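# A structural walkthrough
Here is how the chains run, residue by residue.
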Amino acid sequence: MDRSATQGTPSSNSNRPSTPHAPALIEPVAWKDLRAVVDVQKRSFPARLAYGWGALLTLRVWPGVAFLVAKDPATGDVMGCVIGDQSRGSARVMNLAIHPDWRRRGVGRALLRALDAALPDGDMTLMVQEHNLGAQALYVAEGFVSTGTVANYYGKGQHGISMRKPRHAPDKPRTIVS
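Residues numbered from 1 in each chain as written. Predicted model: local features only at pLDDT ≥ 70, side-chain atom pairs only at ≥ 80, totals over all residues. Heavy atoms only, no water.

### Details of the environment of Trp 31
In this structure, Trp 31 sits in the loop between strand 2 (25-28) and helix 1 (34-44). As a C-alpha pair, Trp 31 and Leu 57 span 26 residues in sequence and 8.5 Å in three-dimensional space. Setting aside anything within four residues of it in sequence, one finds Trp 31 in contact with Leu 57, Arg 60 and Val 61. (Helix = DSSP H or I, 4+ residues; strand = E, 2+ residues; numbered from the N terminus. Contact = heavy atoms within 4.5 Å.)

Pasting the structure below:
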């Protein structure tokens, strides 16, 4: 099930960094990062939608899955994560979760762009909760367009918006034979 989150309002946490856009170190998830990723999942999604230990461990080792984290360069703290794969000729965003203290600071955008580079083939697709307007705005700004609604995707009465980012293959050199 696809899950994407950058939802919610900015945190009022006093530990919130003061910079408007946070630089992030984007790298493949390490085993030592998984505890923090579980925490980010729990803070980003309702319990029934958050990826737990089992799912994250499986995705960490599954072939063809890109599992990236954004870290605060100053502290090494996990700011968020993105998980995607290649499927049926397109790339898919399976999960995007940003810690509440880091939302609306460019972390989600940086993770999406890193996933875009890590999975370069075909269009990119995702599913987002219909009420998650913040995430939808991010996706539209990054070139995604809505392609439809899937009723009850996230549970009874919880519809999903299907989105696609068209990505065109680079032009290949052509040989003209005369």
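### Concerning the pattern of salt bridges
Inspection of every chain in the model, using the stated rule, returns nine salt bridges. A salt bridge links Lys 71 to Glu 27; the shortest N-O distance between them is 2.8 Å. Taken together, the positions of Lys 71 in strand 3 (residues 65-71) and Glu 27 in strand 2 put the pair 44 residues apart, joining distant regions of the chain. Overall, Glu 27 belongs to the partly exposed group, its relative accessible area being 23%. (Salt bridge = Lys/Arg side-chain N within 4 Å of Asp/Glu carboxyl O. Buried < 20%, exposed > 50% of the residue type's maximum accessible area, 1.4 Å probe, protein only.)

### So, the packing of helix 3 (residues 107-118) against helix 4 (residues 133-141)
Two elements in contact, helix 3 and helix 4, have axes whose closest approach is 11 Å; the angle formed by their N-to-C orientations is 50°. Compared by their axis directions, helix 3 and helix 4 come out oblique. Handedness of the helix 3/helix 4 crossing: right-handed. Residues Gly 108, Arg 109 and Leu 112 of helix 3 form the contact with helix 4, whose participating residues are Leu 138, Tyr 139 and Ala 141. (Axes fitted to C-alpha atoms, helices over the stretch in contact; angles between N-to-C directions. Parallel < 35°, antiparallel > 145°, perpendicular 65-115°, else oblique. Left-handed = near helix turned anticlockwise from the far one by under 90°.)

### Digging into the side chain of Ser 90
Within the secondary structure, Ser 90 is located in strand 5 (residues 90-98). The residues contacting Ser 90, other than those within four sequence positions of it, are Asp 85, Asp 121, Gly 122, Asp 123, Thr 125 and Arg 164.

### Remarks on the nonpolar core
Grouped together as the largest cluster of nonpolar side chains are 24 residues, with contacts concentrated most on Leu 96, Leu 111 and Tyr 139. Elements with a contribution of two residues or more to this core: strand 3, strand 4 (78-87), strand 5, helix 3, strand 6 (124-129), helix 4 and strand 8 (160-165). Once residues within four sequence positions are removed from consideration, Leu 111 is found in contact with Ile 26, Leu 68, Val 69, Ala 70, Gly 80, Cys 81, Val 82, Leu 96 and Ile 98. With 21 residues, the next largest nonpolar core counts Phe 45, Tyr 51, Leu 59 and Phe 67 among its residues. (Core = buried A, V, L, I, M, F, W, Y, C linked by side-chain atoms within 4.5 Å.)

### What to know about helix 1
Three or more residues of helix 1 are buried, namely Leu 34, Val 37, Val 38, Val 40, Gln 41 and Ser 44. The buried residues of helix 1 occupy one face: seen down the axis, they fall within an arc of 160°. Across helix 1 from its buried face, at more than 90 degrees, point the exposed residues Arg 35 and Lys 42. Contacts from the buried residues of helix 1 go to helix 2 (53-61), strand 3, strand 4 and strand 5. (Arc of directions from axis to C-beta.)

### Considerations on the packing of aromatic side chains
Taken as a whole and judged by the stated rule, the model has two aromatic pairs. Here Tyr 139 and Phe 144 contribute two aromatic rings whose centre-to-centre distance is 5.7 Å and whose plane-to-plane angle is 65°, an arrangement assigned as edge-to-face. Taking the relative accessible area as the measure of exposure, Phe 144 reaches 3% and is therefore buried. For the pair Tyr 153 and Tyr 154, a centre-to-centre distance of 4.9 Å together with 75° between the ring planes defines the contact as edge-to-face. Its relative accessible area of 22% is what places Tyr 153 among the partly exposed residues. For Tyr 154, a relative accessible area of 4% corresponds to the buried category. The lysine or arginine in question, Arg 60, covers the ring of Trp 31, its NZ or CZ lying 4.3 Å from the ring centre. (Phe/Tyr/Trp six-rings, centres within 6.5 Å; stacked < 30°, edge-to-face > 60°. Lys NZ or Arg CZ within 6 Å of the ring centre and 35° of its normal.)

### Quick notes on the confidence of the model for the chain
Chain-level pLDDT for the chain is 87 on average; 82% of the residues reach the 70-or-more range. Segment residues 1-14 is flagged for pLDDT under 50; beyond a separation of four residues in sequence, or across chains, it makes 57 contacts in the model. (pLDDT = per-residue confidence, 0-100.)

### With respect to the packing of helix 1 against helix 2
At a minimum axis distance of 10 Å, the contact between helix 1 and helix 2 shows a crossing angle of 125°. In terms of orientation, helix 1 lies oblique with respect to helix 2. By crossing handedness, the relation of helix 1 to helix 2 is classed as right-handed. Every residue of helix 2 that contacts helix 1 at Leu 34, Arg 35, Val 37, Val 38 and Gln 41 is listed here: Trp 53, Leu 56 and Leu 57. Grouping the constituent residues of the contact of helix 1 with helix 2 by class yields six nonpolar, one polar and one charged. (Nonpolar A, V, L, I, M, F, W, Y, C, P; charged D, E, K, R; others polar.)

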